[in-house]
Amino acid sequence: MSGSVMLGESSSWSRALVKISPYTFSAIGIAVAIGVSVLGAAWGIYITGSSLIGAAIKAPRITSKNLISVIFCEAVAIYGVIVAIILQTKLESVPASQIYAPESLRAGYAIFASGIIVGFANLVCGLCVGIIGSSCALSDAQNSSLFVKILVIEIFGSALGLFGVIVGIIMSAQASWPAKPV
């Protein structure tokens, strides 16, 4: 039974998670918040932009009106930047003796979780807004009365990113580092 974990022993994964610096978890969370948000924005701009350019061949009038879809996609990247700045302000210096204290670990995990939530919510939001923006451009090229109707749906899709930002801010509120000894 050398390969099985006995009762009372911790697995190598749990030991590894406790031995990784909370600052590493925090840095990864901040990087994921901004990096994956920008990836979602870029992907959305790619989807909506290619459809916009293609549909503008048939109806050039849609080009300036449908740029709002690209702006909505860009807002997703801005959400990631804002949250990364907020998370960066949550980092505090702690004495070396308290780096692995439970309060430090909890703060690092909270910042990590916040970054993951915001990053992936904005990835999905960027895809959603990009696909809806693509549909908006194509349908507007066919029938201009559909633009406002689809734009309302695109606004609701953009709200997904804001929900991720709100949840991320709530999660990051749990990040409190140990007080420095006086």
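Small disclaimer: the values here were computed from a predicted structure and weren't measured.

(A) Geometry of the packing of helix 5 (residues 102–142) against helix 6 (residues 147–172). The contact between helix 5 and helix 6 brings their axes to 8 Å, and the two run at 175°. On the basis of the axis angle, helix 5 is roughly antiparallel to helix 6. A class-by-class count of the residues in the contact of helix 5 with helix 6 yields 18 nonpolar, eleven polar and two charged.

(B) Representation of the environment of V118 in the model. With respect to the helices and strands, the residue V118 is situated in helix 5. For the pair formed by V118 and G44, sequence separation is 74 residues and the distance between their alpha carbons is 16 Å. Every residue in contact with V118, bar those within four places of it in the chain, is listed here: A33, S37, V83, G164, V165 and G168.

(C) Region of the structure containing the UniProt feature "transmembrane region" (unreviewed entry) in the protein chain. On the UniProt side, "transmembrane region" (unreviewed entry) is annotated at positions that read residues 20–46, 67–87, 107–134 and 146–171 here. This span, residues 20–46, is 93% helix and 0% strand, and a straight line between its end C-alpha atoms measures 37 Å. For the annotated span residues 146–171, helix accounts for 96% and strand for 0% of the residues, and the straight-line distance between the end C-alpha atoms is 39 Å.

(D) Geometry of the UniProt feature "domain: V-ATPase proteolipid subunit C-like" (unreviewed entry) in the protein chain. In the UniProt entry, the feature "domain: V-ATPase proteolipid subunit C-like" (unreviewed entry) is given for residues 28–87 and 112–171. For the annotated span residues 28–87, helix accounts for 93% and strand for 0% of the residues, and the straight-line distance between the end C-alpha atoms is 11 Å. End C-alpha to end C-alpha, residues 112–171 measures 9 Å, and it is 93% helix and 0% strand.

What counts, and where the lines are drawn
- Residues numbered from 1 in each chain as written.
- Predicted model: local features only at pLDDT ≥ 70, side-chain atom pairs only at ≥ 80, totals over all residues.
- Heavy atoms only, no water.
- Axes fitted to C-alpha atoms, helices over the stretch in contact; angles between N-to-C directions.
- Helix = DSSP H or I, 4+ residues; strand = E, 2+ residues; numbered from the N terminus.
- Parallel < 35°, antiparallel > 145°, perpendicular 65-115°, else oblique.
- Nonpolar A, V, L, I, M, F, W, Y, C, P; charged D, E, K, R; others polar.
- Contact = heavy atoms within 4.5 Å.
- UniProt positions renumbered as here; feature names shortened; annotations may be inferred.

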